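One-letter residues, chain by chain:
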Amino acid sequence: MSVLARSVGNAFRNKIRTAAVVAVLAVAIGLALSMLVANQAVGAKVQELNASVGTTLTVNPAGGQGFEGGGEPLTTAEAETAASVANVTSVVGTKALRLQTATTDSTTGTGQQTGPGGGFGPGGQQASVSTNLTAAVDAGTLGNRNNTSGTTGTTGTQPARTLPITATGIGAEVDSTGKALDITSGTGLGDYTTSEAKALVGTSLAEKNSLTVGSTFTIQDKTFTVAGIFDAGTTFGNNAVYVTLPEAQTLAETPDELSTMIVTVNSMENVDSTKTAVQAALGTDKADVTQGQRNLETAVSSLDSVKNISLIAFIAALATAGIIILLIMVMLVRERRREIGVLKAIGARNRTIGLQFVLESLVLVALGSVVGAVIASLASGGIASALISSNTTTTAATTTQRGGGLAGAMPNGAVPGGGMPGGGQGGPFGGASQLLTSVTASVSPGVLAAGIAAVFAVAIIGALVPALLTARIRPIEVLRGE
Amino acid sequence: MIVVKDLVRQFKSGDRTIKPVNGVSFELEKGSLASIVGKSGSGKSTLLSLLGALDKPTSGDVVVDGVSLAGLPDGKLTEYRRRDIGFVFQQFNLIPNLSAVDNVMLPMEFAGVRKAARLQRAKELLEQVQLDPEKHSRRTNRLSGGEQQRVAIARALANEPKLILADEPTGNLDEQTGEHIIELLSSLSRDHNTTILVVTHDRSLAQKTERCFRLQQGRLTEEVRTGSRR
Ligand SMILES: Nc1ncnc2c1ncn2[C@@H]1O[C@H](COP(=O)(O)OP(=O)(O)OP(=O)(O)O)[C@@H](O)[C@H]1O
Ligand SMILES: [Mg+2]
């Protein structure tokens, strides 16, 4: 018999009571662990969202976004100005083109190929050029509606039930929102600053037109070779072509013009100040500077509050577990007063007895933790989702509307990255629903272990008080009656 | 050698104070076997608890081998109880959920005896007090009064104490087993030079001790023996 063996034995002296104590402890510990898991999961999500908000700024011509509005186009010189602003690591210019499918009917095309200012839409930013490619997206109701409204300015019959394809000239291997391109086969374009008849084609567009790496197609009667196929992750994003920036500028016949600039800032903290600095450098009359996916910030801040709530709940549940242990052990010490007196009478040191009681409480906590961990792994996903959905309802509602707006706008051929928040990424609403599922999925053993360590630490503190009380019991207690 | 000097222990019960021990003085040679007799409630257990450092006297002192208990801190008193004293309680005070062997092993565990050694000694001691071997591993709350009494005696002997204080050690035993226990105690005093002080109502036990004290009205008087000790 050792102190430990005696402690374990004592923990099971009254089995019914032990079961009750373990059950109560398990609920408290389970709740604490669930809260910790929720806290960690939400924390990870916040980080992920922050990272996806990223460190990029988007610069559009003042008064114009995408194909909307007017104003003067951005120029290569302005890109250099932006690049010289402090904390800016890179500036990538893009030039958007609208590729219109040339039909076999020889009379069509000319009306659609009138260059900047012509073609669809009121904007002057997008050059419409012809191609032999067919869009991978069916027009559908939205497309037809958009095309109808978009062609009100032109006369003549409607050739198009086909949607335009977005071609973007890029100054680096990033998509129009500044994210690195995910090239699934083939290679990139190599040097993005020279004019070359090579292109990157989105997966669905490639499939629709039976293009593989090495295939050729035409834009404005010029033959392009497919250098690589990329996957943007969305149907709209994959109905696109990327060429080098000078190539796009040549095709559009506007050598120095840029549709947008993607400015990368060196760190998250500097994004806000750099945004102001770039805006100042370019002038408010020349350019609008926006931060990509800005509206995710609301989601992030409400998630932050969920994180705080779960942290407080974790601490509260932990404290509850500690108090339960404290009360149970105080009760046990009172109940075994006489026995403690006997142990002292036969020569047990105070610390031996104290240790015995602390160990006994740890046995109870260990059992409670096992059951609690099971409870936590079953319940934490639900608890986390409940916490998040109740806290982000408002955010979700607003983002749903935005999402709807985007869905309508996208098939219109809006140039991605033209300040459209979350374009091509499923939008912030996608982020929010993604968040619910990923939070549910992440009960990591590491977090559970850390939580259980915290529970044990609190239990030791809780048990220490009654254990120290045993030191005050005098051995003479044994001579008194029960 | 134990020297008891003018020991007083008083209790307050309500508005009056009682003094079951009121100026007790005596000396016991090392290795002697002595008994204390007295009426129920005369203060025998109270006196024994003072000698065993379970309780502190109101005044007076107990000096064991030149060391005054009055001057010792609690930690040293614990060590004194662990190393030097074997106490047989009137109500046995065994740990009910532990087996007989485990109870006997407890004082040895506190004294740091290795596990194998203490198990062996515990078994030997239980054999010496004639506890049925099949009851060695039985929980003590499932033993009879007499069996518990013998486990309590075995536990008191565990650390080979120099002073054994036994409160009615034969009170629950049949005559024959009682005789055996008395024999065991006197052999310890004879062969191991252990000092033994027994509280008893049993006249025949008192007869067999070298010296016999009577506690009356808080004072101890030695009964004068005419015949020789057998
Ligand atoms: N803690 C206490 N508080 C008050 N009175 C006490 C206390 N302990 C003992 N007494 C009283 O002191 C007196 C002596 O008690 P003690 O137990 O020493 O008697 P005893 O001689 O051992 O009796 P018995 O032979 O019945 O065991 C009794 O009257 C008892 O009521
Ligand atoms: Mg008594």
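Above this text sits the structure in question.
Below is a summary of the structure that appears in this document. (Residues numbered from 1 in each chain as written. Chains lettered and ligands numbered in written order. Predicted model: local features only at pLDDT ≥ 70, side-chain atom pairs only at ≥ 80, totals over all residues. Heavy atoms only, no water.)

A few words now on the overall build of chain B. A tally of helices and strands in chain B yields 7 helices and 10 strands. Here chain B, with 230 residues, has 55% of them falling under the buried criterion. Considering only contacts within chain B whose residues lie at least 6 apart along the sequence, 70% involve residues at least 24 apart. For chain B, the accessible area works out to roughly 10500 Å², and carbon and sulfur atoms hold 45% of it. (Helix = DSSP H or I, 4+ residues; strand = E, 2+ residues; numbered from the N terminus. Buried < 20%, exposed > 50% of the residue type's maximum accessible area, 1.4 Å probe, protein only. Contact = heavy atoms within 4.5 Å. Areas by Shrake-Rupley, 256 points an atom, 1.4 Å probe, with all protein chains shown as cover.)

What follows deals with the overall build of chain A. Counting its regular elements, chain A contains 13 helices and 15 strands. Across the 482 residues of chain A, 49% fall into the buried class. Long-range pairs, those at least 24 residues apart, make up 83% of the contacts in chain A between residues at least 6 apart in sequence. With an accessible surface of roughly 20500 Å², chain A has 60% of that area assigned to carbon and sulfur atoms.

Let us now look at the site of ligand 1. Taken together, 14 residues are adjacent to ligand 1, and Ser40(B), Gly41(B), Lys44(B), Ser45(B) and Thr46(B) come closest. Positioned at a junction of chains, ligand 1 has nearby residues supplied by chains A and B. Contact distances for ligand 1 include 3.4 Å between an oxygen atom and a side-chain N or O atom of His201(B). The protein chains hide 67% of the 640 Å² of surface that ligand 1 would expose on its own. Mapped by element, the contributors of at least two residues to the shell around ligand 1 are strand E2 (16–28) and helix H1 (44–51) of chain B. (Near = heavy atom within 4 Å. Polar contact = N/O pair within 3.5 Å; in protein donor to acceptor, adjacent residues only side chain to side chain.)

Let's shift gears to the environment of Ala53(B). With respect to the helices and strands, Ala53(B) occurs in the loop between H1 and strand E4 (59–64). Between the C-alpha atoms of Ala53(B) and Leu77(B), which are 24 residues apart in sequence, the distance is 6.4 Å.

Our next topic: helix H2 (residues 74–83) of chain B. Regarding H2(B), the residues found buried are Leu77(B), Thr78(B), Tyr80(B), Arg81(B) and Arg82(B). Buried residues belonging to H2(B) abut helix H10 (337–345) of chain A together with H1, E4, strand E6 (85–88), helix H3 (100–110) and strand E7 (163–167) of chain B.

The next subject is the coordination of the magnesium ion (ligand 2). All names here are of chain B. Around the magnesium ion (ligand 2), the protein contributes the donor atoms Ser45 (OG) and Gln90 (OE1), which lie 1.9 to 2.2 Å from the metal centre. With serine 45 in helix H1 and glutamine 90 in the loop between E6 and H3, the pair connects residues that are 45 residues apart, well separated along the chain. Look at serine 45 and you get partly exposed, because its relative accessible area is 22%. (Donors = N, O, S within 2.8 Å, 3.2 Å for Na, K, Ca; no water.)

Another point: the pattern of salt bridges. On inspection of all chains with the given rule, the structure shows 19 salt bridges over all chains. Notably, a salt bridge pairs Arg336(A) with Glu360(A), separated by 2.9 Å at the nearest N-O pair. Here Arg336(A), found in the loop between helix H9 (296–335) and H10, pairs with Glu360(A), found in helix H11 (residues 350–409); they are 24 residues apart in sequence, far enough to count as distant. The two residues Arg336(A) and Glu360(A) agree in class, both being buried. For Arg474(A), the salt bridge identified is with Asp74(B), shortest N-O distance 3.2 Å. Highlighted residues: Arg474(A) in the segment after helix H13 (445–469) and Asp74(B) in helix H2, drawn from two different chains. The class of Arg474(A) is partly exposed, set by a relative accessible area of 41%. (Salt bridge = Lys/Arg side-chain N within 4 Å of Asp/Glu carboxyl O.)

With that settled, the discussion passes to the sheet that holds strand E1 (residues 2–13) of chain B. All names here are of chain B. In space, the 4 strands of this open sheet follow the order E2-E1-E4-E5, with antiparallel pairing throughout. In this open sheet, the two strands that pair with only one neighbour each are E2 and strand E5 (67–68). Pairing between E4 and E5: 2 bridges, direction antiparallel. Residue pairing in the sheet places valine 63 in a bridge with serine 68 of E5. Set on the sheet, H1 makes contact with E1, E2 and E4; between it and E1 the angle comes to about 125 degrees. (Pairing = 2+ DSSP bridges. Axes fitted to C-alpha atoms, helices over the stretch in contact; angles between N-to-C directions.)

What follows is about the nonpolar core. Grouped together as the largest cluster of nonpolar side chains are 79 residues, with contacts concentrated most on Leu25(A), Leu7(B), Val24(B), Phe26(B), Leu51(B) and Leu197(B). Apart from the residues within four sequence positions on either side, Val24(B) is in contact with Val4(B), Lys5(B), Asp6(B), Leu7(B), Leu47(B), Leu215(B), Gly218(B), Arg219(B) and Leu220(B). Of all hydrophobic cores here, the second largest spans 33 residues; its members include Val88(B), Leu94(B), Ala156(B) and Ala166(B). (Core = buried A, V, L, I, M, F, W, Y, C linked by side-chain atoms within 4.5 Å.)

Each partner contributes residues to the interface: chain B has 25 residues there, and chain A has 22 residues. Each partner contributes to the roughly 2200 Å² buried at the junction of chain B and chain A, and carbon and sulfur atoms together form 57% of this total. Considering only the surface of chain B that becomes buried against chain A, Leu54(B), Asn93(B) and Phe110(B) emerge as the three largest contributors, covering 25% of it. At the boundary of chain B and chain A, one finds 2 salt bridges. Counting residues per element, the side of chain B that touches chain A draws most heavily on H3(B), which supplies 6 residues. Its residues placed into classes, the side of chain B that touches chain A shows 9 nonpolar, 6 polar and 10 charged. (Buried area = accessible area lost by both parts, 1.4 Å probe. Nonpolar A, V, L, I, M, F, W, Y, C, P; charged D, E, K, R; others polar.)

Attention now moves to the packing of aromatic side chains. The way to describe two aromatic rings as a pair is by their centre distance and the angle between their planes. Across all of its chains, the model carries 4 aromatic pairs over all chains by this definition. Note on Phe230(A) and Tyr242(A): the rings are 5.1 Å apart at their centroids and 55 degrees apart in plane angle, and the pair reads as tilted. Of this pair, Phe230(A) sits in strand E11 (residues 222–230) while Tyr242(A) sits in strand E12 (residues 240–244), and the two are 12 residues apart along the sequence. Geometrically, the ring pair formed by Phe26(B) and Phe213(B) is tilted, given 5.2 Å between the ring centres and 45 degrees between the ring planes. (Phe/Tyr/Trp six-rings, centres within 6.5 Å; stacked < 30°, edge-to-face > 60°.)

With that settled, the discussion passes to the sheet that holds strand E3 (residues 33–37) of chain B. Residue and element names in this part refer to chain B. Here 6 strands make up an open sheet; going across it, the order is E6-E7-E8-E3-E9-E10 and the pairing mixed. The sheet is open, and its two edges are formed by E6 and strand E10 (219–222), each paired on a single side. Between one strand axis and the next, the sheet turns through 20 degrees on average, direction left out of account. Pairing geometry for strand E9 (residues 211–216) and E10, over 4 bridges, is antiparallel. Residue pairing across strands places leucine 215 opposite leucine 220, the latter belonging to E10. Contacting E3, E6, E7, strand E8 (195–199), E9 and E10, H1 runs over the sheet at an angle of about 155 degrees to E7.

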